[in-house]
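# Commentary on secondary and tertiary structure
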Amino acid sequence: MIPVSAPLLAGNELDYLRDCIATGWISSAGEYIERFEQGWGQYCGVKHAIAVSSGTAALQVAVDALRLEPGDEVVMPSFTVISCPLAVVRAGGKPVLVDSDPDTYCLDVDQVAAAITARTRAIMPVHIYGHPVDMDPLHDLAERYDLAIIEDAAQAHGSEYFSRRRGKEAWHRCGSLGTLSAFSFYANKPVSTGEGGMVLTNSDVLAQRCRSLRNLCFQKRRFYHEGLGYNYRLTNMQAAVGLAQLEQISEILDRKRRIGALYDALLANVTGIKLQDKRDWARVNYSMYGLVLDDGVELDAFGFAARLQAEGVDTRPFFMGMHEQPVLRARGLFNGLSLPVAERLHRRGLYIPSGLTLTDAQIAQVARAVKDVVAVAIPRRATRSANPITGTGHRAVWRM
Ligand SMILES: Cc1ncc(COP(=O)(O)O)c(C=O)c1O
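No experiment lies behind these values; they were computed from the predicted model shown.

Counting its regular elements, the chain contains 13 helices and 18 strands. For 400 residues, the compact-globule formula gives about 21 Å, and the C-alpha radius of gyration of the chain, at 23 Å, lands near that figure. Per-residue burial for the chain yields a buried fraction of 54% across its 400 residues. Within the chain, counting contacts between residues at least 6 apart in sequence, those at least 24 apart form 72% of the total. For the chain, the exposed area adds up to about 17800 Å²; of that, 51% sits on carbon and sulfur atoms.

This is the structure we're talking about:
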């Protein structure tokens with residue numbers, strides 16, 4: 001089975017881990033934490049970096065740092081992972097969902113303005129599968145309504161966004177585009193620590209809050225607390241792996257982009273599938289390689305995945321929209337909400353292997369399997385029934 005993702009641990013990971021073991025610095029203090037934080041902050045061009053135990057933890061800490069009042073609203077896409085609304089619900093706030101752009105899968109920025117109310121405190125854009133969100137319109141709204149931006153850059157390591165705003169015309173790394181940003185270093189991300197995450201911010205006040213929240217809100221002195229925090233600390237060992245990975249980030253991203261470019265070439269003109277679009281203002285990292293089945297394909301994403309699996313190709317389904325999640329609906333959220341793009345992406349979309357250890361031969365094998373499976377799932381031609389009496393119906397001729 002060709003796996004969907006696999007990390008590449010080809011640098012100093014083992015040496016740094018050995019050092020942790022040899023020196024006994026295996027917990028959440030140690031030089032690798034500081035070096036990883038500093039290195040990641042510098043790479044993204046942001047002043048403060050706070051390492052945490054996962055991307056989910058990063059989002060929770062970032063949202064908590066804003067100190068929402070009960071009922072404060074955060075606008076986000078429905079097409080994302082549950083970590084996004086979870087952070088807001090747990091902070092006592094209310095997630096407000098918008099639909100997505102069918103081509104880039106990122107939130108539809110035109111819908112955000114309409115979702116803003118007197119209770120809105122923040123916008124949470126998510127760079128889906130490493131494609132940056134169009135941030136300029138969101139920055140305009142944030143300025144106009146005095147909103148924070150919590151940038152979910154979990155999947156967007158090294159992706160870049162070209163701002164067209166006056167004075168900002170340049171490429172900006174994802175993670176530097178929010179009031180706070182959140183990264184994940186789960187093993188399917190370009191840079192991995194196994195499990196791990198990072199919060200970035202240029203604000204001294206927010207950084208101090210995030211550091212405190214990650215460490216149980218120890219304040220002034222030990223075992224004295226004025227806030228409800230978490231143990232979301234990253235270990236020195238995970239940071240050691242992260243630092244070694246960061247040292248190789250250009251090679252990692254080159255590899256991801258090469259895999260993406262190969263698939264782009266092999267799958268560009270395949271009838272029945274649509275690839276994730278890339279906008280001119282986006283430099284994507286191809287974190288995941290997604291595709292969406294056309295309506296003419298007589299399989300949904302789950303049937304398609306099963307056929308690919310039989311061909312030795314593993315896949316993952318796209319996100320199920322947050323407005324369809326039973327756990328959130330049971331809390332009285334999103335009743336009657338219909339977001340057709342998110343619904344369609346979930347039913348028709350999946351991503352194919354793009355792990356860092358893939359060989360060219362495996363990439364070709366995956367592309368061939370996709371073409372073969374899609375070819376048998378498209379009716380070759382559909383003809384109207386020639387029956388003059390019934391006069392209705394389509395007769396599909398199947399290519400088997
Ligand atoms: C967009 C997005 N945000 C947040 C997360 C949460 O990260 P983690 O799995 O490290 O908790 C993920 C995880 O895949 C994600 O894809």
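There is more to say, and it comes next.
This part is about the sheet that holds strand 7 (residues 170-173). Across the sheet, three strands lie side by side as 7-6-13; this open sheet has antiparallel pairing. Two strands in the sheet have a free side with no partner beyond their single neighbour: strand 7 and strand 13 (282-283). Strand direction decides the pairing type here: strand 6 (residues 160-163) and strand 13, joined by two bridges, are antiparallel. Bridging across to strand 13, Tyr161 finds its partner in Ala282.

What follows deals with the sheet that holds strand 1 (residues 48-52). Read from one edge of the open sheet, seven strands run 1-9-8-5-4-2-3, paired in mixed fashion. One side of each edge strand has no neighbouring strand; the edge strands of this open sheet are strand 1 and strand 3 (94-98). Within this sheet the neighbouring strands show an average axis-to-axis angle of 25 degrees, counted without direction. Here five bridges tie strand 1 to strand 9 (residues 197-201), and the two strands are oriented antiparallel to one another. Its bridge partner lying in strand 9, Ala51 is registered against Met198. The sheet strands contacting helix 3 (residues 55-65) are strand 1, strand 5 (148-152), strand 8 (180-184) and strand 9, and the helix crosses strand 8 at an angle near 165 degrees. Here helix 6 (residues 135-145) sits on the sheet and contacts strand 4 (120-123) and strand 5; the angle it forms with strand 5, its principal contact strand, is near 155 degrees.

Let us look at unusual backbone geometry. The phi dihedral of Leu216 is positive, around 60 degrees, even though this residue is not glycine. Tracing the sequence through the fold places Leu216 in the loop between helix 7 (204-214) and strand 10 (218-219). Overall, the relative accessible area of 33% leaves Leu216 in the partly exposed class. Of note, Cys217 is a non-glycine position whose phi angle comes to about 55 degrees, a positive value. Topologically, Cys217 is positioned in the loop between helix 7 and strand 10.

Let us now look at the site of the ligand. Around the ligand, 14 residues are found, and the nearest of them are Gly55, Thr56, Asp152, Ser184 and Lys189. Contact between the ligand and Gly55: an oxygen atom at 2.8 Å from a main-chain N or O atom of the residue. Asp152 places a polar side-chain atom, nitrogen or oxygen, 2.7 Å from a nitrogen atom of the ligand. Coverage of the ligand by the protein chains reaches 88% of its 380 Å² of free accessible surface. Among the cavities detected, the one that contains the ligand is the largest pocket. Looking at the shell around the ligand residue by residue, the class counts come to five nonpolar, seven polar and two charged.

Turning our eyes to something else, we now look at the nonpolar core. Of all hydrophobic cores here, the largest spans 130 residues; its most connected members are Trp40, Leu267, Leu291 and Phe304. Setting aside residues up to four positions removed in sequence, Leu267 forms contacts with Ile273, Leu275, Tyr289, Leu291, Ile352, Ala367 and Val370.

Turning our attention to the packing of helix 3 against helix 4 (residues 83-90). Between helix 3 and helix 4, the shortest axis-to-axis distance is 9 Å and the interhelical angle comes to 35 degrees. Handedness of the crossing formed by helix 3 with helix 4: right-handed. Across the interface between the two elements, Thr56, Leu59, Gln60 and Val63 from helix 3 touch Ser83, Cys84, Leu86, Ala87, Val88 and Arg90 from helix 4. Considered class by class, the residues forming the contact of helix 3 with helix 4 number six nonpolar, three polar and one charged.

What follows deals with empty space enclosed by the protein. Tallying each qualifying case throughout the model produces two cavities of 30 Å³ or more. Lining the largest cavity are Tyr129, Gly130, His131, Leu275, Gln276, Asp277, Lys278, Val284, Tyr286, Met288, Tyr289 and Gly290. When the residues that make up the lining of the largest cavity are grouped by side-chain class, the tally is six nonpolar, four polar and two charged. Within this model, the second largest cavity holds a volume of roughly 40 Å³.

With respect to the helices and strands, Asp134 occurs in the loop between strand 4 and helix 6. Asp134 sits in the buried class, given a relative accessible area of 14%. Separated by 3.0 Å, the side chains of Asp134 and Arg164 make a polar contact. Residues in contact with Asp134, not counting those within four places in the same chain, are Val109, Tyr161, Arg164 and Trp281.

Here is what the cut-offs are and how they apply
- Residues numbered from 1 in each chain as written.
- Predicted model: local features only at pLDDT ≥ 70, side-chain atom pairs only at ≥ 80, totals over all residues.
- Heavy atoms only, no water.
- Helix = DSSP H or I, 4+ residues; strand = E, 2+ residues; numbered from the N terminus.
- Rg over C-alpha atoms; globule rule 2.2 N^0.38 Å.
- Buried < 20%, exposed > 50% of the residue type's maximum accessible area, 1.4 Å probe, protein only.
- Contact = heavy atoms within 4.5 Å.
- Areas by Shrake-Rupley, 256 points an atom, 1.4 Å probe, with all protein chains shown as cover.
- Pairing = 2+ DSSP bridges.
- Axes fitted to C-alpha atoms, helices over the stretch in contact; angles between N-to-C directions.
- Near = heavy atom within 4 Å.
- Polar contact = N/O pair within 3.5 Å; in protein donor to acceptor, adjacent residues only side chain to side chain.
- 1 Å grid on protein atoms, 1.4 Å probe; cavity = no way out; pocket = protein on both sides within 12 Å on 5 of 7 lines; lining within 4 Å.
- Sits in = over half its atoms within 2 Å of the grid points.
- Nonpolar A, V, L, I, M, F, W, Y, C, P; charged D, E, K, R; others polar.
- Core = buried A, V, L, I, M, F, W, Y, C linked by side-chain atoms within 4.5 Å.
- Left-handed = near helix turned anticlockwise from the far one by under 90°.
- Points joined across faces, edges and corners; volume = space filled by probe spheres on them.

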